[in-house]
Amino acid sequence: MSPLVLMGCRKGTWTFVSLIHRRLCAGRSLICPSALFSSASTVSPSLSFPPAHSQSLLTNRQIPVSLHPPAHLSSTRSLWHPTPCCSLMELKEVLQVLEQLAPLALAESWDNVGLLVEPSKSRPIKNILLTNDLTDVVMEEAEAMSCDLIISYHPPLFRPIKRLVQGDWKQRLAVRAVEAGMAIFSPHTSWDSVKGGVNDWLVGGLGRGQVSVLSQALCGASHCHKLEFTVRNTEELNSVMEELKACAGGASLQYSTSRADNGGIHVGVTCSDSVLPLSVHTLLPHTAASQSLNILKLEKPPLPGHGQGRLSVLDQPVTVATAIQKIKSHLGLNHLRLAIGWGKTLESSVCTVAVCAGSGASVLNGVKADLYITGEMSHHEVLDAAAKGTSVILSDHSNSERGFLTVFRERLAVRLPDTVTVAVSKADKDPLEVV
Ligand SMILES: [Zn+2]
């Protein structure tokens, strides 16, 4: 970076200001909740589930605010149905519905979500199978029902592969899907993160409460820097903006101008990570601009209600013993594993509960709560929590996730035509069982 730039750069300056508000409400950029759900509000004032036709208001970087359908609408197909009841659905149309229900942009950066197997020949999607994990027995089930699309919560293909051979069970399943013309889609952490998703469902097992997100999801705004500088006059402004536009590959620029105290023009231009160096380089020959240049790092706005893990302050505290019974019922399990917090008993009160579906230690670590609920934690992670007085309930990994499939099946089915059958796998189960 040039000395000129360093002189003008206010290190550590962050903005989270009206610019973000403008983005939230600009319609073109991110989300405008009132616009997005205005049609829904005619159905019910409390409605937060986006209607299927709201998709026209979204771009691939936009994320709906809330995806939790009111229970009383879970079977009211006619309220949500955007397509004729007997129309055939193509794969891409089903994928659009899935995107509305849980935008893939909500997934963790390390994850491998979305369409993982795409058949070469397109065919109408008539049978969809939901599963937590895609195993041999689930594939047999899919083949028997002439499945067109498998939605596997965990991605069956995760690490890069260099071959597709029968000796590897995941590669074998991918080949079977291709041979049968089946598509495979995985939502994984996008379902965990989305408001009304896996973690909200999990924490709901202990009853109502004030729920907050443990690891807040942020908006994936592409423009994360703002260049602020001054030019002498309109001619120089036009010249500079043309050059910056060329840096951005001809894309339109988001910028604002105002009259500067010295009679010049103050300019603010937002840009992405990738074009920042070239944009700064472009400004260097312009003396007034380069000497007045400030580079601001724009903080990504949080997406309320979305993110990993949940903390609930229960409206009605329960005992540890009652919490166990409620979670057994919620997850449909006969057995759970319990580590009682040090100094606590089964009759101790649980006012706050923190949950993370699957393997939750990294999200739950350090969270102050009376009870943790997750699928699995290591011995030492459990000891650390218990030593702080936090009781821990472990269900085994996928048992903390699988029950959401039934919830999701309802949400998906009401948004698809009658020509599509959505089923939850009967063969899918956690590999571990208590014997
Ligand atoms: Zn998992």
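Being a predicted model, the structure only gives us computed values, none of them experimental. (Residues numbered from 1 in each chain as written. Predicted model: local features only at pLDDT ≥ 70, side-chain atom pairs only at ≥ 80, totals over all residues.)

Undergrad: Which parts of the structure should I look at to understand the sheet that holds strand E15 (residues 391-394)?
TA: Strand pairing in a sheet takes place through backbone hydrogen bonds and is either antiparallel or parallel in direction. Read from one edge to the other, the open sheet built from 6 strands follows the order E6-E11-E13-E14-E15-E12, with strand pairing classed as mixed. If you trace the sheet from one side to the other, it starts and ends with strand E6 (209-218) and strand E12 (337-339), each paired once. Adjacent strand axes in the sheet meet at a mean angle of 25° when their direction is disregarded. Here strand E11 (residues 302-319) pairs with strand E13 (residues 349-359) via 6 bridges, running antiparallel. Within E13, the position partnered with Thr-319 by the bridge is Ser-349. The strands that helix H13 (residues 320-331) touches are E11, E12, E13, strand E14 (371-376) and E15; relative to E11, the one it contacts most, it runs at about 125°. Its contacts with the sheet put helix H15 (residues 379-387) on E12, E14 and E15, and the angle it makes with E15 is roughly 145°. (Pairing = 2+ DSSP bridges. Helix = DSSP H or I, 4+ residues; strand = E, 2+ residues; numbered from the N terminus. Axes fitted to C-alpha atoms, helices over the stretch in contact; angles between N-to-C directions. Contact = placed C-beta atoms within 7 Å.)

Undergrad: I keep staring at the packing of helix H10 (residues 234-247) against helix H11 (residues 276-283) and nothing clicks. Help me out?
TA: Each pair of packed helices gets described by two things: the angle between the helix axes and the distance between those axes. Between H10 and H11, the least distance of the axes is 9 Å, while the angle of their chain directions is 155°. Classified by the angle between their axes, H10 and H11 sit roughly antiparallel to one another. Read as a crossing pair, H10 and H11 show a hand that is right-handed. The segment H10 lies against H11, with Val-240, Glu-243, Leu-244 and Cys-247 engaging Leu-278, Ser-279, Thr-282 and Leu-283. Taken together, the residues of the contact of H10 with H11 break down into 5 nonpolar, 2 polar and 1 charged. (Parallel < 35°, antiparallel > 145°, perpendicular 65-115°, else oblique. Left-handed = near helix turned anticlockwise from the far one by under 90°. Nonpolar A, V, L, I, M, F, W, Y, C, P; charged D, E, K, R; others polar.)

Undergrad: Is there a simple way to explain the nonpolar core in this structure?
TA: Residues Leu-149, Ile-150, Val-353 and Leu-371 are the most contacted members of the largest nonpolar core, which totals 69 residues. The dominant element in this core, judged by the number of residues it contributes, is E13, at 6 residues. There are two domains that each give this core at least three residues, and those are domain 2 (40-101 + 114-186 + 405-424) and domain 3 (207-215 + 308-395). (Core = buried A, V, L, I, M, F, W, Y, C linked by C-beta atoms within 7 Å. Buried ≥ 20, exposed ≤ 12 C-beta atoms within 10 Å, placed from the backbone. Domains from an automatic or database assignment.)

Undergrad: Please clarify how H13 should be interpreted in this entry.
TA: Because each turn of an α-helix spans 3.6 residues, side chains separated by three or four positions end up pointing in the same direction. Helix length check: H13 (12 residues) gives 16 Å between terminal C-alpha atoms against 16 Å at 1.5 Å per residue, within 8%. Those residues of H13 lying buried are Val-320, Ala-323, Ile-327 and Leu-331. Summarising the axial view, the buried residues of H13 lie within an arc of 50°, below the 170-degree limit, and thus occupy one face. Among the exposed residues of H13, those pointing more than 90 degrees away from its buried face are Gln-325 and Ser-329. Residues of H13 that are buried in the fold lie against E11, E13, E14 and E15. (Expected span 1.5 Å × (residues − 1). Arc of directions from axis to C-beta.)

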